[in-house]
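Given next are the chains, with one letter for each unit.
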Amino acid sequence: MPPRTLITGHILSFDHSPFEAGDPTDAARLHEALLIEEGRITALGTAQALHAQAPDAARTDMGNHLITAGFVDAHVHYPQTAIIASWGKRLIDWLNTYTFPEEMRLSDPAYAADIAGRYLDLTLAHGTTTCASFCTIHPASVTAFFEAAQARGLRAVAGKTCMDRNAPEGLRDTAQSAYDDSKQLLQTWHGVDRLSYAITPRFSPTSTPDQLAALGALWSEYPDCLMQTHLSEQTDEVAWVKSLYPEARDYLDTYDSHGLLGARGLYGHAIHLDARERDRLREVGAALIHCPTSNTFIGSGLFNLAARIAEGQRIGLATDTGGGSSFSMLRTMAAAYEIGQLTGTALHPAQLLWLATAGSAQALHMGSKIGNIAPGMEADLVALDLASTPAIAQRSARADDLWEALFPTLMMGDDRAIAGVWVAGKAV
Ligand code: GUN
Ligand code: ZN
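Definitions and limits used
- Residues numbered from 1 in each chain as written.
- Chains lettered and ligands numbered in written order.
- Predicted model: local features only at pLDDT ≥ 70, side-chain atom pairs only at ≥ 80, totals over all residues.
- Heavy atoms only, no water.
- Helix = DSSP H or I, 4+ residues; strand = E, 2+ residues; numbered from the N terminus.
- Rg over C-alpha atoms; globule rule 2.2 N^0.38 Å.
- Buried < 20%, exposed > 50% of the residue type's maximum accessible area, 1.4 Å probe, protein only.
- Contact = heavy atoms within 4.5 Å.
- Areas by Shrake-Rupley, 256 points an atom, 1.4 Å probe, with all protein chains shown as cover.
- Axes fitted to C-alpha atoms, helices over the stretch in contact; angles between N-to-C directions.
- Parallel < 35°, antiparallel > 145°, perpendicular 65-115°, else oblique.
- Left-handed = near helix turned anticlockwise from the far one by under 90°.
- Nonpolar A, V, L, I, M, F, W, Y, C, P; charged D, E, K, R; others polar.
- 1 Å grid on protein atoms, 1.4 Å probe; cavity = no way out; pocket = protein on both sides within 12 Å on 5 of 7 lines; lining within 4 Å.
- Points joined across faces, edges and corners; volume = space filled by probe spheres on them.
- Near = heavy atom within 4 Å.
- Polar contact = N/O pair within 3.5 Å; in protein donor to acceptor, adjacent residues only side chain to side chain.
- Sits in = over half its atoms within 2 Å of the grid points.
- Pairing = 2+ DSSP bridges.
- Salt bridge = Lys/Arg side-chain N within 4 Å of Asp/Glu carboxyl O.

Participant: Describe the overall build of the protein chain, naming the residues involved and giving the relevant values.
Facilitator: Scanning the protein chain from N- to C-terminus turns up 15 helices and 16 strands. Here the C-alpha atoms of the protein chain give a radius of gyration of 21 Å, agreeing with the 22 Å that 2.2 N^0.38 yields for 428 residues. With the principal axes as the frame, the protein chain shows a C-alpha extent of 65 × 50 × 40 Å. Across the 428 residues of the protein chain, 59% fall into the buried class. Within the protein chain, contacts between residues separated by at least 24 positions form 76% of all contacts whose residues are at least 6 apart in sequence. Of the roughly 15,400 Å² that the protein chain leaves accessible, carbon and sulfur atoms contribute 51%.

What follows is the structure, encoded as C-alpha cells:
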C-alpha cells in the first residue's frame, strides 16, 4: 500500500459557491481530518474515523489552524517579480518605464530561471499553489518557468507573451514567430506533469491584427488550451485600442474578430466594459480576472465584482504581480473587499476565500482538480494561523464564529499567517 498522510485541524471545504442565493456560510463545511494518498485527497471525516481507516498513515496535526485549498492566482507576470512596487506611473508609462526594460533582461535564460524560482518560492511562502503566468516574448522564459514549476511539483499555467508592435526593439516578435514559438512551446509543455500552456497575446495595443489572427488560428488548433490576455484596464488604454482598431465595435471585438474570445479565455482586469461587451463575455462563458491590488496601485478603476457575478460572469481573483502590489492572495482578498465596499457590496469572508480558491480554479477550468478540498482532488493545501501577529490575534480572540475569526487574517494577514503548505500532498 502506498504511504498515506492523515492531516488534522479545522478543514474547510465548499459544497457550492457562496455567491449563490442564501446564506454564504451555508456553502462551506468544516471537517476534522483528511487523508492523502499519492498526491490526492482520498477521504474527509472525523479524526477517529480516518485513524481507524488508515492506522498506518503518517500523521500531521495542525491544531487550531484553518486548512483550506491552496490559493489559486489566476493572472500574474512572474517576470515582473523584481520590479513590484515601482513608483508613480499609470499603465502605459508603467509598462514603458519599468516593465519593458525588466522583461528585456529575461532574454538571459539564467536570469529568467533565477526570477522564476524566486517568484515561485515567494508565492509558495504566501500559500499560492497554482498561478497562471504571463512570461516574456522569449521562449526560454517559458521554459524557465515551467521547469521551476515542475521541479516544485506545482500545477501551473503559462505562455509566451506575444507582442509585434508598440514595444521596444528586443521585445518584439512577429505574427509568424509568435505562432511558431507558441506552438512549439505548447507541444513541448501542454499536459506535461501538472503544467498547461496558455496562448498569450499581451493585449491588443501590442499586437497587430495579423498577430491576433495567427494566435486565434493557433487556439482553434488547440482548443483545450487556455488563452490569457488583458481587457479594458484603463480608460486611456481603451481609447488607444479604439484608435488602433477603428473597425472594431469595441475593445472586446478586437479579440472576438480574431478568434480570441471563448470559454477558455482569461481576460485580466475587464473594468471599463460596455453592455455589449458584458453580454458577449457572459454569452461565451469567458472568465474575467479581478486584480484588485493592481487596479488601485496603477490607478485603473473599480471593478464591480458583485454586479459582474449577479449578471452571471465567471470570475477569477489574481494579484497581477508586479502591476499588483503584493504576492499575497490574503492581501488580494483584502483589496477585493475594499473595492467591494467602494462599489456598494461588503463581500463575505466565505466569498473572498472561495474566489481565491475554487473561483479562480473554475476560471482556469481546473475546478475538478484544485481549489477545493474533496475526495479525488489534488492535495494542494494551505494551513492558516488565525493569530499570526499580535494585532490579528487580539481581534480573532474576540470572534464569535469561524468567519469572524478568519476575517482579520484576510484583512491584515501576510506570509506570517501561512502555517503550512502542501503541494500534491507533500509538505513544502
Ligand atoms: N496590460 C498589458 N500588459 C500589462 C502588464 O504587464 N500589467 C498590467 N497590469 N497590465 C497590462
Ligand atoms: Zn497583467
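Participant: Account for the packing of helix α12 (residues 329-342) against helix α13 (residues 349-363), naming residues and giving values.
Facilitator: Running from N to C, α12 and α13 cross one another at 130°; their axes reach a closest spacing of 10 Å. Taken as axis vectors, α12 and α13 run oblique relative to one another. Once α12 is placed against α13, the crossing between them reads as right-handed. Between α12 and α13, the contacting residues are M329, M333, A336 and Y337 on the first element and L352, L353 and A356 on the second. Class assignment for the residues of the contact of α12 with α13 results in 7 nonpolar, no polar and no charged.

Participant: So what's going on with empty space enclosed by the protein? Which residues, and what values?
Facilitator: By the definition in use, this model includes 3 cavities of 30 Å³ or more. Of the pockets and cavities examined, the largest cavity occupies roughly 100 Å³. Along the wall of the largest cavity there are 13 residues; nearest its centre are H77, L91, L95, H230 and E233. With 3 residues, the top contributor of residues to the lining of the largest cavity is helix α2 (residues 91-105). Considered class by class, the residues forming the lining of the largest cavity number 5 nonpolar, 5 polar and 3 charged.

Participant: Any chance you could break down the side chain of Q228 for me, citing the residues and the numbers?
Facilitator: Along the chain, Q228 turns up in strand β10 (residues 226-231). The buried category is assigned to Q228, whose relative accessible area is 1%.

Participant: Please provide a residue-by-residue account of the site of ligand 1, values included.
Facilitator: Lining the immediate surroundings of ligand 1 are 13 residues, of which H77, Q80, R202, E233 and D320 lie closest. Between ligand 1 and R202 there is a distance of 2.8 Å, counted from an oxygen atom to a side-chain nitrogen or oxygen. Here ligand 1 loses 100% of its free accessible area of 270 Å² to cover by the protein chains. Given that more than half its atoms are within 2 Å of the pocket grid, ligand 1 belongs to the largest cavity. Considering each element in turn, the shell around ligand 1 owes the most residues, 3 residues, to α2.

Participant: So, the pairing of strand β1 (residues 4-14): which residues are in play, and what are the values?
Facilitator: Of all the 11 residues making up β1, 9 are buried; the element is thus mostly covered by neighbouring parts of the structure. With 9 bridges connecting them, β1 and strand β2 (residues 28-37) associate as antiparallel partners. Of the residues in β2, the one forming a bridge with T5 is I36. The pairing of β1 with strand β4 (residues 58-69) spans 6 bridges and is parallel. For T8, the partnering residue across the bridge sits in β4 and is D61.

Participant: An account of the pattern of salt bridges is needed here, citing residue identities and associated values.
Facilitator: Enumeration over the complete set of coordinates arrives at 22 salt bridges. Residue E311 is joined to R308 by a salt bridge in which the shortest nitrogen-to-oxygen separation is 2.8 Å. Like R308, E311 is buried. Of the charged contacts in the structure, one is a salt bridge between R331 and E338, with a shortest N-O distance of 3.9 Å. The exposure class of E338 is partly exposed, given its relative accessible area of 39%. Taken together, the shared-partner salt bridges in this structure form one network comprising R155, R194, E378 and D380.

Purely spatial values, then, with no claim about function.
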